[in-house]
Amino acid sequence: VKSTVAPGSVLPPGTCIGPLSSSHESHEDADPAHRRYCRPTYPAPSALLVLLGGVPILLAVAALQFVPWFLILKLMVSDAEQNGWYRADIHSVYTAFLWWITPQRLFYFFVLRVVKRCVQPFLKLAAVVAVKWVVVGRFTPLSGAAKNSDWNRFRYWLMSKLLPGGGL
């Protein structure tokens, strides 16, 4: 849930802008009760839960999105070995350059770029959705005590790390 401050707006100190609103509505909707929706004020989860639960999940999501990329690399190397354009004797900058611009390799470089831009974001999204379903669960309104439980703080922290800023 985000709020927007319009450019050039002057807000008095302590103004509370409600969720999904803007500074244009600050006079009508400025209610101090909106402070409870400010996620940066949520306390962080315990370091143990972050290290043992959060970091492995984040690493797994990051690794999963690179699986097709590594499969294309493996396919390129096996194709090079089978068709005779694999070189194991690179001893100078010139031979390294010739190795990099092999016409067959250029095709694979193009495919790698396409996979990185077109396939990886969807895999990351699928992994994030799976983590949301399996680990995080549904977000429901919480009381003050429930919001401060370590598990709920971890859920909010994990989703903020999996989808920072809303962009993939």
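Read on for an overview of the structure. (Residues numbered from 1 in each chain as written. Predicted model: local features only at pLDDT ≥ 70, side-chain atom pairs only at ≥ 80, totals over all residues. Heavy atoms only, no water.)

With that settled, consider a nonpolar patch on the surface. Taken together, the side chains of Tyr94, Phe97, Leu98, Trp100, Ile101 and Leu106 define a hydrophobic patch exposed on the protein surface, amounting to about 620 Å² of accessible area. Looking at the nonpolar patch element by element, the count peaks at four residues for helix 4 (residues 93-100). Topologically, Ile101 is positioned in the loop between helix 4 and helix 5 (103-136). By relative accessible area, which is 36% here, Ile101 ends up partly exposed. (Patch = residues over 30% accessible without salt bridge, like charges linked within 9 Å, V, L, I, M, F, W, Y side chains within 5 Å. Areas by Shrake-Rupley, 256 points an atom, 1.4 Å probe, with all protein chains shown as cover. Salt bridge = Lys/Arg side-chain N within 4 Å of Asp/Glu carboxyl O. Helix = DSSP H or I, 4+ residues; strand = E, 2+ residues; numbered from the N terminus. Buried < 20%, exposed > 50% of the residue type's maximum accessible area, 1.4 Å probe, protein only.)

For the rest of this paragraph, the subject is the packing of helix 2 (residues 47-64) against helix 7 (residues 150-162). Between helix 2 and helix 7, whose axes approach to 11 Å, the crossing angle comes to 25 degrees. By the angle between their axes, helix 2 is roughly parallel relative to helix 7. Seen along the crossing, helix 2 lies across helix 7 with a hand that is right-handed. Only Asp150, Trp151, Phe154, Trp157, Leu158, Lys161 and Leu162 of helix 7 make contact with helix 2, whose side of the interface consists of Leu49, Val50, Gly53, Gly54, Ile57, Leu58 and Val61. (Axes fitted to C-alpha atoms, helices over the stretch in contact; angles between N-to-C directions. Parallel < 35°, antiparallel > 145°, perpendicular 65-115°, else oblique. Left-handed = near helix turned anticlockwise from the far one by under 90°. Contact = heavy atoms within 4.5 Å.)

This brings us to the pattern of salt bridges. Where charged atoms of side chains with opposite charge meet at close range, the side chains can pair. For the coordinates displayed, the defined rule picks out one salt bridge. A salt bridge links Asp150 to Arg153; the nearest nitrogen and oxygen atoms lie 2.9 Å apart. Pair noted here: Asp150 and Arg153 are both in helix 7, with a separation of three residues, about one helical turn.

Bringing the side chain of Arg155 into the picture now. By the element assignment, Arg155 lies in helix 7. Asp150 is the oppositely charged side chain nearest to the buried, salt-bridge-free Arg155, at an N-O distance of 12 Å. Within the local environment of Arg155, its side chain forms a polar contact with the backbone oxygen of Arg138, the two atoms lying 2.7 Å apart. Here Arg155 is in contact with Val136, Gly137, Arg138 and Phe139, once residues within four sequence places are set aside. (Lys, Arg positive; Asp, Glu negative; His and termini not counted. Polar contact = N/O pair within 3.5 Å; in protein donor to acceptor, adjacent residues only side chain to side chain.)

Counting residues in hydrophobic clusters, the biggest one holds 12 residues: Val50, Ile57, Val61, Ala127, Val128, Val131, Val136, Phe154, Trp157, Leu158, Met159 and Leu162. Going through the elements one at a time, helix 2, helix 5 and helix 7 are the ones with two or more residues in this core. With five residues, the single largest contributor to this core is helix 7. In this structure, Ile57 is in contact with Val131, Val135 and Leu158, ignoring residues within four places of it in sequence. (Core = buried A, V, L, I, M, F, W, Y, C linked by side-chain atoms within 4.5 Å.)

Okay, the packing of aromatic side chains next. Following the criterion strictly, the structure yields five aromatic pairs and no others. Where Phe154 meets Trp157, the ring centres are 6.0 Å apart and the plane angle is 25 degrees; that geometry is what we call stacked. Taken together, the residues span about one helical turn, with Phe154 and Trp157 both in helix 7 at a distance of three residues. Trp157 matches Phe154 in its accessibility class, with the two residues each being buried. Among the aromatic residues, those joined into a cluster by ring pairs are Trp151, Phe154 and Trp157. (Phe/Tyr/Trp six-rings, centres within 6.5 Å; stacked < 30°, edge-to-face > 60°.)

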